[in-house]
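# Survey of secondary and tertiary structure
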Amino acid sequence: MSIEYRVGGIAPSVLRLARPGQYQVNEKGYYGEFGGAFIPEMLYRNVAELREKYLDIMNSADFQEEFGRLLRDYVGRPSPLYFARRLSEKYQTRIYLKREDLNHTGAHKINNTIGQILLAKRLGKKRIIAETGAGQHGVATATVCALMGMECVVYMGEVDMQRQAPNVARMRMLGAKVVPAMSGSRTLKDATNEAIRDWVNHPEDTHYIIGSVVGPHPYPDMVARFQSVISAEIKQQLQAETGSELPTHVVACVGGGSNAAGSFYHFLDHVSVQLIGVEAAGKGLTSGYTAATIALGRPGVIHGSKTLLMQTEDGQIIEPHSISAGLDYPGVGPIHAYLHATGRAIYLSATDQEALDAAFELTRLEGIIPALESAHALAKLKDLQLKPEHVVVVCLSGRGDKDMETYLRFLPADDNPTTTEPYS
Amino acid sequence: MNRIDSLFAQKKEKILTIYFTAGFPRLQDTRRILLALQQAGADMVEIGIPFSDPLADGPVIQQSSKQALDNGMSLRLLFEQLHDIRREVHLPLILFGYLNVVLQFGLERFFEKCTETGIDGLILPDLPLDEFRQDLEPLCKSTGIHFSFLITPETSDARIRQLDEASSGFLYVVSSSSTTGKKKDLSSLQPYFQRIEAMQLKNPFLVGFGIHDHESFLQACRHSRGAVIGSAYIRVLQQAADIEQATKDFVQQILSDNPVHAAS
């Protein structure tokens, strides 16, 4: 297999800045031709209010103070940037893992939910709704609702409730009502539909905490800004560690794309940094069971945003497949559609099997059990033609506790050191 | 003259518009349902283009859309089914659908087909005003096909004026902030309808969402020119042994003070 992309950080000619802000959303809510706010009128007032106020609120001193304090004392930030020695040896390069898995609740999702709940409070909202796929965003939302004493309803596909049962239990313990989405493929897409319909029916008191860089403007930009703390920290930590704040590669998995957007954010204008998103190929790009939207999608409108999406010729949205519930989404954030269209980032895909292999590899080499989502990013290290002088940052977006059932099902039989034989 | 304009010129009150999902309950029912509605006394029909992810719709229309798609419905097939509909059906016809399906079909081709078929109006609830102005308004103007925006109790007066200005034919007033098919008491909403009536808008308006029987129809018509019924009719189609008879009974029951009880 040959992969066409630039190897970052080598040719001096590309060591330059992009036009500042070139990859940011414009004043109309678009990234190039992607983005916008394609919503029914019932949601107009809420989305318009958010659009008019989000930047002022986020930039206010009291918001910054409260957000920063909670990220530090409650989430546990900054999350470590860990030099993965044995993984680096294996790939003959320098690999750093951005340890979002060590955040409170076990994934990067909490960065966004803390930000949005503070915003919702300032908008005077009383009730919070959210969609969730793997359950990480649902748990992160239920957590901040408990923290702030707000009512919380989480929509989750019925299929996902089964495959991520531990997270359903956590949400319930945290006081959230978990509502199964029974329509369509009963996964993330349908949970998102149900959350949007709830918002249509409760426009006055409810804020919808979207969990990724998807949905109508200003959500993609707002969520990317909350998650941008990931790349802000990477820069500082790399500077201290290597003497340069710029890596050669940043690798992150992409479902809707929020951990990738946060990992890329402060590197967007530094075109020497090769940005690599990894989608879920499911059983393979041509298998019909895949969630690789950028590889296979065409421009269209989903969940309020114009972006790439997997759809039939007639414009019906195709139900995706991935072993990882968090990547099982037929669209992608408009920022990624744009970074792909402009060539600023490249997007690869990893199959279910590659992700499982990568998860087992990381576990045995570094003693870290990654989330299945994050394992997709790790799975592409083997295809990046890495060199010893490269500095590669992989966003380890979440931990694998929630995926134990899946992992145990695929644990190679002859590779299982557990035994019921008495030790002698 | 656009049939919607003729209708509003002729009929000053209680205009009954009925929605159904194309391809439901069976793939080839489109023509039969249109004829039944015309026969039964509906004034205008909204034909729903089924979509896999209908965000503004409640469970009833979600289900009819899903079944229509499972039956094999598509926009291409709908235009085929409608190609000679104007020989038999003279009611104003509106296509109601979500933007993505229309975008994939191709905007210009879509307007061509609408013109060929004799479609009078369009409702695309997830199309933003700016995108309408840029991409659809010129096509509406050149073809004479009307476009109706939705307004809700949350819509500000200033925005109502903008949406009225951009709309043609009529304005679609959503009875309350909800998805389709939620039965509700419309008497508490009279101040909202009155407020819109008092704004003396450019377009007449129809009330939709939650209208399901004779009483709610009358409530909706008190300050408007008429009402749109969707989910309640889909429920009837779901159970209908005989589409013609069921449609006739349903329309009569909506229009009459003495509801006809179906024999079944």
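Remember, predicted model here, so these are calculated numbers, not experimental data. (Residues numbered from 1 in each chain as written. Chains lettered and ligands numbered in written order. Predicted model: local features only at pLDDT ≥ 70, side-chain atom pairs only at ≥ 80, totals over all residues. Heavy atoms only, no water.)

## Considerations on the overall build of chain A
When helices and strands are counted, chain A shows 16 helices and 14 strands. For 424 residues, the compact-globule estimate of 2.2 N^0.38 gives 22 Å, and chain A sits close to it at 20 Å. Expressed as a percentage of its 424 residues, the buried residues of chain A come to 64%. Within chain A, contacts between residues separated by at least 24 positions form 75% of all contacts whose residues are at least 6 apart in sequence. Here chain A displays about 15700 Å² of accessible surface, and carbon together with sulfur accounts for 52% of that area. (Helix = DSSP H or I, 4+ residues; strand = E, 2+ residues; numbered from the N terminus. Rg over C-alpha atoms; globule rule 2.2 N^0.38 Å. Buried < 20%, exposed > 50% of the residue type's maximum accessible area, 1.4 Å probe, protein only. Contact = heavy atoms within 4.5 Å. Areas by Shrake-Rupley, 256 points an atom, 1.4 Å probe, with all protein chains shown as cover.)

## Section: the UniProt feature "active site" (unreviewed entry) in chain B
As recorded in UniProt, the feature "active site" (unreviewed entry) lies at Glu46(B) and Asp57(B). Relative to the helices and strands, Glu46(B) resides in strand β2 (residues 44-48). In this structure, Glu46(B) is in contact with Thr17(B), Ile18(B), Tyr19(B), Phe20(B), Ile94(B), Phe96(B), Ile123(B), Tyr172(B) and Val228(B), ignoring residues within four places of it in sequence. Take Asp57(B): it is sitting in the loop between β2 and α3 (59-71). In this structure Asp57(B) touches Arg197(A), Gln62(B), Phe96(B), Tyr98(B), Thr179(B) and Thr180(B), once residues within four positions along its chain are discounted. (UniProt positions renumbered as here; feature names shortened; annotations may be inferred.)

## Structural notes on the pairing of β2(B)
All names here are of chain B. Along β2, five of the five residues are buried, which leaves the element largely enclosed by surrounding structure. Side chains of β2 alternate between two faces, with Met44, Glu46 and Gly48 and Val45 and Ile47 buried alike. In this sheet, β2 lies alongside strand β1 (residues 15-21) in parallel orientation, the contact comprising five bridges. Paired with Thr21 across the bridge in β2 is Gly48. One crossover worth recording links β1 to the parallel β2 by way of helix α2 (residues 30-40), and it is right-handed. As defined by bridge partners, β2 adjoins strand β3 (residues 93-96) across four bridges and the pair is classed as parallel. Its bridge partner being in β3, Ile47 is matched across the sheet by Leu95. (Pairing = 2+ DSSP bridges. Right-handed = clockwise from strand over helix to strand, strands pointing away.)

## A closer look at the pairing of strand β7 (residues 171-174) of chain B
All names here are of chain B. Because side chains alternate across β7, one face comprises the buried residues Leu171 and Val173, and the other comprises Tyr172 and Val174, equally buried. In terms of strand pairing, strand β6 (residues 150-151) meets β7 through two bridges, oriented parallel. Bridged to Leu150 within β7 is Tyr172. Viewed along the sheet, the connection from β6 through helix α8 (residues 157-166) into β7 turns out right-handed. Taken together, the four bridges between β7 and strand β8 (residues 205-208) define a ladder with parallel strand orientation. Bridge pairing links Val173 to Val207 in β8. Handedness of the β7-helix α9 (residues 190-198)-β8 crossover: right-handed.

## So, the sheet that holds strand β6 (residues 151-157) of chain A
Residues and elements named next belong to chain A. The four strands are arranged β7-β6-β5-β8 in an open sheet whose pairing can be described as parallel. Only two strands of the sheet have a single neighbouring strand rather than two, namely β7 (177-181) and β8 (206-208). On average, adjacent strands in this sheet sit at an angle of 25° to one another, irrespective of strand direction. Alignment of strand β5 (residues 127-132) against β8, held across three bridges, turns out to be parallel. (Axes fitted to C-alpha atoms, helices over the stretch in contact; angles between N-to-C directions.)

## What to know about the packing of aromatic side chains
Scanning the model with the defined rule gives 23 aromatic pairs over all chains in all. An angle of 45° between the planes, with centres 5.5 Å apart, marks the rings of Phe79(B) and Phe105(B) as tilted. Placement of the pair is Phe79(B) in helix α4 (residues 75-81) and Phe105(B) in helix α5 (residues 99-105), with a sequence separation of 26 residues. According to the relative accessible area criterion, Phe79(B) is buried, its value standing at 4%. Cation over ring: Arg109(B) sits above Phe105(B), and NZ or CZ is 3.9 Å from the ring centre. In this structure, Arg159(B) is placed above the aromatic ring of Tyr44(A), and the distance from its NZ or CZ to the ring centre is 3.2 Å. (Phe/Tyr/Trp six-rings, centres within 6.5 Å; stacked < 30°, edge-to-face > 60°. Lys NZ or Arg CZ within 6 Å of the ring centre and 35° of its normal.)

## Notes on the UniProt feature "domain: Tryptophan synthase beta chain-like PALP" (unreviewed entry) in chain A
The feature "domain: Tryptophan synthase beta chain-like PALP" (unreviewed entry), as given by UniProt, occupies residues 76-398 of chain A in the numbering adopted here. Between the first and last C-alpha atoms of residues 76-398 of chain A the distance is 14 Å; the span itself is 40% helix and 21% strand.

## Things to note about helix α5 (residues 136-148) of chain A
Residues and elements named next belong to chain A. With 13 residues, α5 ought to run about 18 Å at 1.5 Å a step, and its terminal C-alpha atoms sit 18 Å apart, in line with that. Burial runs high along α5: 11 of the 13 residues are buried. Those residues of α5 not exposed but buried are Gln136, His137, Gly138, Val139, Ala140, Thr141, Ala142, Thr143, Val144, Cys145 and Met148. Buried residues belonging to α5 abut α2 (61-75), α4 (109-122), β5, β6 and α7 (165-173). (Expected span 1.5 Å × (residues − 1).)

## Some words on the interface of chain B and chain A
For an interface, size is often stated in terms of accessible area lost upon the parts coming together. Listed per partner, the contact involves 33 residues of chain B and 32 residues of chain A. Counting the surface lost from both chain B and chain A, the interface buries some 2800 Å², and carbon and sulfur atoms represent 51% of this. Area buried by chain B at its contact with chain A is led by Leu55(B), Gln104(B) and Glu154(B), which between them contribute 25% of it. With a closest N to O distance of 2.9 Å, Asp53(B) and Lys189(A) form a salt bridge. In this assembly, chain B and chain A are joined by 20 residue pairs in polar contact (both at pLDDT 80 or more). Secondary-structure elements contributing two or more residues to the side of chain B that touches chain A are α3, α5, β6 and α8 of chain B. Looking at which element gives the most residues to the side of chain B that touches chain A, the answer is α5(B), with five residues. For the side of chain B that touches chain A, the per-class residue count stands at 16 nonpolar, 10 polar and seven charged. (Buried area = accessible area lost by both parts, 1.4 Å probe. Salt bridge = Lys/Arg side-chain N within 4 Å of Asp/Glu carboxyl O. Polar contact = N/O pair within 3.5 Å; in protein donor to acceptor, adjacent residues only side chain to side chain. Nonpolar A, V, L, I, M, F, W, Y, C, P; charged D, E, K, R; others polar.)

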